[in-house]
2 protein chains.
Amino acid sequence: MNRKIILVQRPQGLPKDEDFKLIEEPLNTALEIGEVLVKVEWISIDPAQRVWIGAGRSYITPVSVGSVVKGMGAGIVVFSKSPAFKRGSFVTGFLHWQEYAKVKASDIIRLPSYVNPQLHLGVLGMTGLTAYVAVNEIAKPRKKETMVVSTAAGAVGSIACQLGKIRGCRVIGISGSDAKNRWLTEIGVDGVINYKTVPNLTQALKSLCPEGIDIYIDLVGGDILDAVLLNIKKYARIVMCGAISSYNLKRAPPIRYYPLIISQSASVEGFIVWEHRNKFDIAVKNLSKWIKENKIKHKEHIVDGIENAPRALRMVMTGENFGKMVVRVEHQSPKI
Amino acid sequence: MNRKIILVQRPQGLPKDEDFKLIEEPLNTALEIGEVLVKVEWISIDPAQRVWIGAGRSYITPVSVGSVVKGMGAGIVVFSKSPAFKRGSFVTGFLHWQEYAKVKASDIIRLPSYVNPQLHLGVLGMTGLTAYVAVNEIAKPRKKETMVVSTAAGAVGSIACQLGKIRGCRVIGISGSDAKNRWLTEIGVDGVINYKTVPNLTQALKSLCPEGIDIYIDLVGGDILDAVLLNIKKYARIVMCGAISSYNLKRAPPIRYYPLIISQSASVEGFIVWEHRNKFDIAVKNLSKWIKENKIKHKEHIVDGIENAPRALRMVMTGENFGKMVVRVEHQSPKI
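Residues numbered from 1 in each chain as written. Chains lettered and ligands numbered in written order. Predicted model: local features only at pLDDT ≥ 70, side-chain atom pairs only at ≥ 80, totals over all residues. Heavy atoms only, no water.

### Describing the overall build of chain A
Basically, it comes down to this: Strands here are runs of E lasting at least two residues and helices are runs of H or I lasting at least four, both read from the DSSP assignment and numbered beginning at the N terminus. Just to be clear, the radius of gyration here is over C-alpha atoms, and the globule rule we use is 2.2 Å times residues to the power 0.38. To sort residues, take the accessible area from a 1.4 Å probe on protein chains only and compare it with the maximum for the residue type: under 20% means buried, over 50% means exposed, and anything in between is partly exposed. Residue contacts are counted whenever heavy atoms from the two residues lie within 4.5 Å of one another.
Across its full length, chain A holds nine helices and 15 strands. Relative to the compact-globule value of 20 Å for 336 residues, chain A shows a C-alpha radius of gyration of 20 Å, a close match. Each principal axis of the C-alpha atoms in chain A carries an extent, and together these give about 60 × 40 × 35 Å. Here chain A holds 336 residues, and 59% of them are scored as buried. Expressed as a percentage of contacts within chain A between residues at least 6 apart in sequence, the contacts between residues at least 24 apart total 66%.

This is how it looks when you write it as structure tokens:
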């Protein structure tokens, strides 16, 4: 049997348990040439999934109602009809919210080892790569520039902060909890703001960035983006990686201070990490090196049981997670 | 005597006559070394002046209350203590809203001729250069791309439209009058929208740009920017030259569809034309050539009398002008 979570209806606002359903299906192990069957061991939970299951205009076809929820995962090949992978290979790719994934060999990639495979869903996976592309490929910070990061303690944000430090920036992190901010300070972030308790975010940014903000790694949009816009320096670069403030809404919360982009000769750039595949090898190589050198620290938030994936998604939407959210699949179907 | 218009109070909303005052002062003709006295013959009226006399955060120190209103102009040198200019030289620069301007020689530039000097405030001046930098230096359109221009019949927009055509783009112009749109069609714009009468701008853009918008030359911000964002194509470039919808307000009208910048891997870039001075020579050379070849047509809207400058500014803010707005100064003071 294969347990999987399907989308029952498109969520209105924050995803609810009723939007999903755990179903059991007989596992079809018949493979076509070029296909492999992967036993999914880790599922990645990411705010972007809220977009994938929504109906808004986006960069992907949304998950259709009745289908398995789209998501990255890591696992072990249990059957293979591809010369590229043999039984026992460790792989990652879009395996979705299910215990077993039948996928084309061309849609998955081999993991270098299976020590902490969840790292390949986080700091060495989509979120770490997103941070790398945002900071090292798009923002290209120079020494002593001031960089602000929102959801700074998150899976993308925390890596972005540390990449900024490696480049010699002053880094200011915005998060929604004092505990997260304490951790950010421990890992070397120069200044922190708790957006939930600060009386005036614009003023707080002004105090921490008296000469203005050179770079903003934006994962949020909305009011925080507006507060940053009010503090951008000449030639500021805003890299839009996400807009979590909008994901549960029909429309994003408004921004009003975009005319400062003109007067400050600033730029805003959006991107989808998958379009930068040609940088992934070097990114993983560099990130691995910096992890080994203790220049990049990372945190995972592990939730056990595939049935808890919807709750885990809700947690990343509200910021209840602390670290990269991953679900550890506990296989209940008989061993194949 | 020197007649000049000073700012009496910062306008609230649309500038009113009472925000300005025409005063007469004795003309001080005593020059320091390096200064010249210019008889101002033409004054340029530009939406950006609304920003310069406002109190918002901008790229320049705002005009202080009690001071002459800042503005570009063209005129004739009547006294010179600089070897760079002699009596009778034709010049342009920030001459402000006054009959005579005492300026540093380094702050003005010589006009190649005094045939239609007002052209050097328009198509060959700040507005034409703004269009040139936006299109040819920042957007860099490729053949067959779809370019949308707002305030398309305006001083910047109309040149931007034609620069798009020269580059081989399909150009769609948005203006606020059918007469303006008829003229846009005459000068080669492929599709036009009257934003004041169209029932649904987003849908209208979708019909005219079924494959999406590659380039948007934005002079407006607000709702029109949102409607464009809903129609941007992958890798779209939005060049922000101005945000006229915000100039009479304390804050700009909101935009909500900025998350599409992420999913479409789009970019937004703001700029101030003065920061691209190194391109001015080549721009004027190219623009002059295209005017001569009839590839660029231009229109000026002339208002007579310095006392009408405030009204002329109001007209460009509401779109009552048709063409680059210039004020022809009628000198009433005795000839020097």
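What follows picks up the thread again.
### As for the side chain of B:Gln49
Here B:Gln49 lies in helix H1 (residues 48-52). In contact with B:Gln49, not counting residues within four places along its chain, are B:Ser44, B:Lys70, B:Gly71, B:Trp97 and B:Leu313.

### Topic: the packing of helix H2 (residues 126-139) of chain A against helix H3 (residues 155-166) of chain A
Residues and elements named next belong to chain A. The line we're drawing: Axes, fitted as lines to C-alpha atoms, cover a helix only where it is in contact. Angles between the N-to-C directions of the axes lie from 0 to 180 degrees. Angle categories: roughly parallel below 35 degrees, roughly antiparallel above 145, roughly perpendicular from 65 to 115, and oblique for all the rest. Two helices crossing with the near one rotated counterclockwise from the far one by less than a right angle form a left-handed crossing, whereas a clockwise rotation gives a right-handed crossing. In this classification, the charged set is Asp, Glu, Lys and Arg, the nonpolar set is Ala, Val, Leu, Ile, Met, Phe, Trp, Tyr, Cys and Pro, and all remaining amino acids, among them Gly, are polar.
Two elements in contact, H2 and H3, have axes whose closest approach is 8 Å; the angle formed by their N-to-C orientations is 40°. Classified by the angle between their axes, H2 and H3 sit oblique to one another. Like other packed secondary-structure pairs, H2 and H3 cross with a definite hand, here right-handed. Residues Thr127, Gly128, Thr130, Ala131, Tyr132, Val135 and Asn136 of H2 form the contact with H3, whose own contacting residues are Ala155, Val156, Ile159, Ala160, Leu163 and Gly164. Looking at the contact of H2 with H3, its residues break down into eight nonpolar, five polar and no charged.

### Focus on the nonpolar core
Our working rule: Nonpolar core, defined: a set of buried Ala, Val, Leu, Ile, Met, Phe, Trp, Tyr and Cys residues in which side-chain atoms within 4.5 Å join the residues together.
Grouped together as the largest cluster of nonpolar side chains are 226 residues, with contacts concentrated most on A:Ile45, A:Ile217, B:Ile45 and B:Ile217. Once residues lying within four places of it in the same chain are set aside, the contact partners of A:Ile45 are A:Trp97, A:Ala309, A:Ala312, A:Leu313, A:Val316, A:Lys324, A:Met325 and A:Val327.

### Focus on the state of the cysteines
Residue and element names in this part refer to chain B. Put simply, the test is: The definition used for a disulfide is geometric: two cysteine sulfur atoms within 2.5 Å.
Per the stated rule, a full pass over the model turns up zero disulfides over all chains. The closest cysteine sulfur to the non-disulfide-bonded Cys161 is located on Cys169, 11 Å from its own sulfur. Looking at Cys161, the relative accessible area reads 0%, which means it is buried. Not engaged in a disulfide, the cysteine Cys241 finds its nearest cysteine sulfur in Cys161; these two sulfurs lie 11 Å apart.

### Details of the pairing of strand S14 (residues 300-304) of chain A
Residues and elements named next belong to chain A. The cut-off we apply is this: Two strands qualify as a pair provided DSSP detects at least 2 bridges between them. Think of it like this: strands point away, you trace from the first strand over the helix to the second, and a clockwise trace means the crossover is right-handed.
Here S14 shows a buried face lined by His301 and Val303 and an unburied face lined by Glu300, Ile302 and Asp304. In this structure, S14 lies alongside strand S15 (residues 324-328), joined through five bridges in parallel fashion. Residue pairing in the sheet places Glu300 in a bridge with Lys324 of S15. Each parallel crossover has a hand, and for S14 linked through helix H9 (residues 309-318) to S15 it is right-handed.

### Brief notes about the relation of the copies chain B and chain A
To keep it simple, the criterion reads: When the copies are overlaid, the least-squares fit takes in C-alpha atoms only where the residue has pLDDT of at least 70 in both copies.
Superposition of chain B onto chain A requires a rotation of 180° combined with a translation of 0.0 Å along the rotation axis, giving an RMSD of 0.0 Å. Taken together, the turn and the small shift mark the pair as related by a two-fold rotation axis. By residue overlap, the copies meet face to face through one surface: 100% of the interface positions of chain B are interface positions in chain A.

### Description of the domain arrangement of chain A
Residue and element names in this part refer to chain A. In plain terms, the rule: Here the bounds of each domain stem from an automatic or database domain assignment. Accessible area, probed at 1.4 Å, shrinks when two parts are joined; the buried area is that loss added up over both. Each polar contact in these results corresponds to two N or O atoms within 3.5 Å; when the atoms are within protein, one needs to be able to donate a hydrogen and the other to accept it, and residues that are neighboring in sequence are counted only if both atoms are side-chain atoms.
Looking at the assigned domains, one finds that chain A contains domain 1 (2-122 + 298-328) and domain 2 (126-275 + 285-289). Between domain 1 and domain 2, the C-alpha centre-to-centre distance is 28 Å. Residue-level contacts link 25 residues of domain 1 with 16 residues of domain 2. Surface buried jointly by domain 1 and domain 2 totals about 1,600 Å² across both partners, of which 66% is contributed by carbon and sulfur atoms. Inspection of the domain 1/domain 2 interface yields five residue pairs in polar contact (both at pLDDT 80 or more). Sorting the residues of the side of domain 1 that touches domain 2 by element identifies helix H1 (48-52) and H9 as the ones contributing at least two each. Sorting elements by how many residues they give to the side of domain 1 that touches domain 2 places H1 first, with four residues.

### Some thoughts on the interface of chain B and chain A
Let me state the cut-off plainly: Every case where a carboxyl oxygen of Asp or Glu lies within 4 Å of a side-chain nitrogen of Lys or Arg is listed as a salt bridge.
Contacts between chain B and chain A engage 41 residues on the former and 41 residues on the latter. Regarding the contact of chain B and chain A, the summed buried area is about 3,200 Å², with carbon and sulfur atoms giving 57% of it. On the surface where chain B and chain A come into contact, there are two salt bridges. Counting the contacts that link chain B with chain A gives 14 residue pairs in polar contact (both at pLDDT 80 or more). If you list the elements that add at least two residues to the side of chain B that touches chain A, you get helix H6 (222-229), strand S12 (232-240), helix H7 (260-263) and strand S13 (267-270) of chain B. Direction of pairing for strand S13 (residues 267-270) of chain A relative to S13(B): antiparallel, over a ladder of three bridges.

### Digging into helix H9 (residues 309-318) of chain B
All names here are of chain B. Most of H9 is tucked away: eight of the ten residues are buried. Of all the positions in H9, only Ala309, Pro310, Ala312, Leu313, Arg314, Met315, Val316 and Met317 are classed as buried. Against strand S1 (2-7), strand S2 (20-25), H1, strand S14 (300-304) and strand S15 (324-328) lie the buried residues of H9. In the segment just after H9, Gly319 is the residue with positive phi, at about 80°.

### Observations regarding the packing of helix H2 (residues 126-139) of chain B against helix H8 (residues 280-292) of chain B
All names here are of chain B. Two numbers describe how H2 lies on H8: the axes approach to 10 Å, and their chain directions differ by 100°. By the angle between their directions, the pair H2 and H8 is classed as roughly perpendicular. Along its contact with H2, which presents Gly128, Leu129, Tyr132 and Asn136, the element H8 presents Phe280, Ile282, Ala283, Val284, Asn286, Leu287 and Trp290. Of the residues in the contact of H2 with H8, the class split is eight nonpolar, three polar and no charged.

### Quick look at the side chain of A:Ser265
On the secondary structure map, A:Ser265 appears in the loop between helix H7 (260-263) and S13. At a separation of 3.2 Å, a polar atom in the side chain of A:Ser265 contacts the side chain of A:Lys234. Filtering out sequence-adjacent residues up to four positions away, A:Ser265 remains in contact with A:Lys234, A:Tyr235, B:Gly270, B:Phe271, B:Ile272 and B:Glu275.

### Some words on the sheet that holds strand S9 (residues 170-175) of chain B
Strand pairs in the sheet, formed through backbone hydrogen bonds, run parallel or antiparallel to each other. What the twelve strands build is an open sheet, ordered S10(A)-S9(A)-S8(A)-S11(A)-S12(A)-S13(A)-S13(B)-S12(B)-S11(B)-S8(B)-S9(B)-S10(B); its pairing is mixed. The open sheet is flanked by strand S10 (191-194) of chain A together with strand S10 (191-194) of chain B, the only strands paired with a single partner. In this sheet, adjacent strand axes meet at a mean angle of 15° when their direction is disregarded. The sheet contact formed by S12(B) and S13(B) spans four bridges and is parallel.

### A closer look at helix H4 (residues 178-186) of chain B
Residue and element names in this part refer to chain B. Heads up, the condition is: Arc definition: directions from the helix axis to the C-beta atoms.
Where H4 is concerned, the buried positions are Lys180, Asn181, Trp183 and Leu184. All buried residues of H4 lie within an arc of 160° about the axis, which places them on one face of the element. The exposed set on the far side of H4, more than 90 degrees from its buried face, consists of Arg182 and Glu186. Considering only its buried residues, H4 is in contact with helix H3 (155-166), S9 and S10. At the N-terminal end of H4, a side-chain oxygen is found 3.4 Å from the backbone nitrogen of Ala179, two or three residues along, and the residue is Ser177. Two residues or fewer after H4 comes Gly188, characterised by a positive phi angle close to 105°.

### So, the pattern of salt bridges
Residues and elements named next belong to chain A. On inspection of all chains with the given rule, the structure shows 32 salt bridges over all chains. Across the salt bridge formed by Arg314 and Asp17, the nearest N and O atoms sit 3.1 Å from each other. Pair noted here: Arg314 is in helix H9 and Asp17 is in the loop between strand S1 (2-7) and strand S2 (20-25), with a separation of 297 residues, a long-range link. Within this structure, Arg3, Glu99 and Glu307 form a network of salt bridges that share partners.

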